[in-house]
Amino acid sequence: PILYYSPSTRDEMIKDGFPEENFHYVPIAVNLEHYRVLDDVPKEKTPLIAYLGRIKRYKSIDHILSAMPKVIEKVPDVKLAIIGDGDDRPRLEEMSKSLGISDRVIFTGFVSEDEKIRWLNRAWIVLSPSSKEGWGLTMTEANACGTPVIAANSPGLRDAVKDGETGILYPYGDIESLGDNIIKLLTDDNLRNKLRDGGLKSAKRYTWDDATKITLNVLEKIVKKSNEEKK
């Protein structure tokens, strides 16, 4: 028996030969007591977009940097925070310099969980251009903090983001589309508010209490079936 929370992962494993009947769904969970809208941390006064996570090449953070010149043309006061650390950071720092946007890009390095939640509250949009994820937990965490998201339509991310409801999905690697969607969401208050509300509503579904109850229920069914098969 296999417990899964990502339909993308389940589908990939079934393609690799795992029996479909072996899979049992358990939702992912977020600590909603921590990941929430903070009354004392308002949105930045000027547009702030953010990436949150490990700085690895497969995360395709360079796609955001490549889209930034186009975004700056339409939203001159925009800034980008790259929150986290990893071995791809030096390359990205050099890339931001070569693009002439280093004054618009903040590399925070590793941050504490409390700092992370404050950044999620301050940002207008959180981005994930990754080629592949297990789920895209930072997208759900951002939604819980009242921040809409833009993510690549990649395995895992397409499970975490409901296109047009909690955020926007765009074709992975399509930098023009990424830039256009960032501009659209930064300049359309109504759309941003709609996705914020949808994200808050969606995030409330992913509680540890629900995940625990469903896990116990699944385990009880598995044990009962196993006992019956032994008789």
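Residues numbered from 1 in each chain as written. Predicted model: local features only at pLDDT ≥ 70, side-chain atom pairs only at ≥ 80, totals over all residues. Heavy atoms only, no water.

A. Molecular detail of the sheet that holds strand 8 (residues 167-170). Strand order in the open sheet formed by six strands is 5-4-3-6-7-8, and the pairing between neighbours is parallel. What marks the edges here is a single partner per strand, and that holds for strand 5 (105-109) and strand 8. Within the sheet, the average angular offset between the axes of one strand and its neighbour, ignoring direction, is 20 degrees. Where strand 3 (residues 48-52) meets strand 4 (residues 79-83), five bridges bridge the pair, whose relative direction is parallel. Bridging across to strand 4, Ile49 finds its partner in Leu80. Where helix 4 (residues 113-122) meets the sheet, it contacts strand 3, strand 4, strand 5 and strand 6 (125-128), and its direction lies at approximately 145 degrees from that of strand 3. (Pairing = 2+ DSSP bridges. Helix = DSSP H or I, 4+ residues; strand = E, 2+ residues; numbered from the N terminus. Axes fitted to C-alpha atoms, helices over the stretch in contact; angles between N-to-C directions. Contact = heavy atoms within 4.5 Å.)

B. The pattern of salt bridges, seen in detail. Enumeration over the complete set of coordinates arrives at 17 salt bridges. With a shortest N-O distance of 2.9 Å, Lys59 and Glu133 are connected by a salt bridge. Placement of the pair is Lys59 in the loop between strand 3 and helix 2 (61-74) and Glu133 in the loop between strand 6 and helix 5 (137-144), with a sequence separation of 74 residues. Residue Lys59 shares its accessibility class with Glu133, and that shared class is buried. Arg91 is the partner of Asp88 in a salt bridge, and the nearest nitrogen-oxygen pair spans 2.8 Å. Judged by relative accessible area, which is 4%, Asp88 ranks as buried. (Salt bridge = Lys/Arg side-chain N within 4 Å of Asp/Glu carboxyl O. Buried < 20%, exposed > 50% of the residue type's maximum accessible area, 1.4 Å probe, protein only.)

C. Summary view of a nonpolar patch on the surface. On the surface, Leu3, Leu216 and Leu219 cluster together into a nonpolar patch covering about 260 Å² of accessible area. On the basis of relative accessible area, Leu219 is assigned to the partly exposed category, the value being 40%. (Patch = residues over 30% accessible without salt bridge, like charges linked within 9 Å, V, L, I, M, F, W, Y side chains within 5 Å. Areas by Shrake-Rupley, 256 points an atom, 1.4 Å probe, with all protein chains shown as cover.)

D. Expanded view of the side chain of Ser130. Here Ser130 is to be found in the loop between strand 6 and helix 5. When neighbours within four sequence positions are excluded, Ser130 is seen to be in contact with Tyr58, Lys59, Ala152, Ser154, Leu157 and Tyr172.

E. Region of the structure containing helix 8 (residues 189-203). For helix 8, which comprises 15 residues, the first-to-last C-alpha distance of 21 Å matches the rise-based estimate of 21 Å (1.5 Å per residue) to within 8%. Listed as buried for helix 8 are Leu191, Arg192, Leu195, Gly198, Gly199, Ser202 and Ala203. Mapping the buried residues of helix 8 onto a view down its axis gives an arc of 130 degrees, with all of them on the same face. In helix 8, those exposed residues whose orientation departs by more than 90 degrees from the buried face are Asn190 and Lys201. Packing partners of the buried residues in helix 8 comprise helix 5, strand 8 and helix 7 (175-187). The N-cap residue of helix 8 is Asp188: its side-chain oxygen and the backbone nitrogen of Asn190 are 3.2 Å apart. (Expected span 1.5 Å × (residues − 1). Arc of directions from axis to C-beta. Polar contact = N/O pair within 3.5 Å; in protein donor to acceptor, adjacent residues only side chain to side chain.)

F. Region of interest: the packing of helix 2 against helix 7. Two numbers describe how helix 2 lies on helix 7: the axes approach to 8 Å, and their chain directions differ by 45 degrees. On the basis of their axis angle, the class for helix 2 and helix 7 is oblique. The two elements helix 2 and helix 7 meet at a crossing, and its hand is right-handed. The residues of helix 7 that touch helix 2, namely those facing His63, Ile64, Ser66, Ala67, Lys70, Val71 and Lys74, are Ile175, Glu176, Leu178, Gly179, Asp180, Ile182, Ile183 and Leu186. Here the contact of helix 2 with helix 7 is built from residues that sort into eight nonpolar, three polar and four charged. (Parallel < 35°, antiparallel > 145°, perpendicular 65-115°, else oblique. Left-handed = near helix turned anticlockwise from the far one by under 90°. Nonpolar A, V, L, I, M, F, W, Y, C, P; charged D, E, K, R; others polar.)

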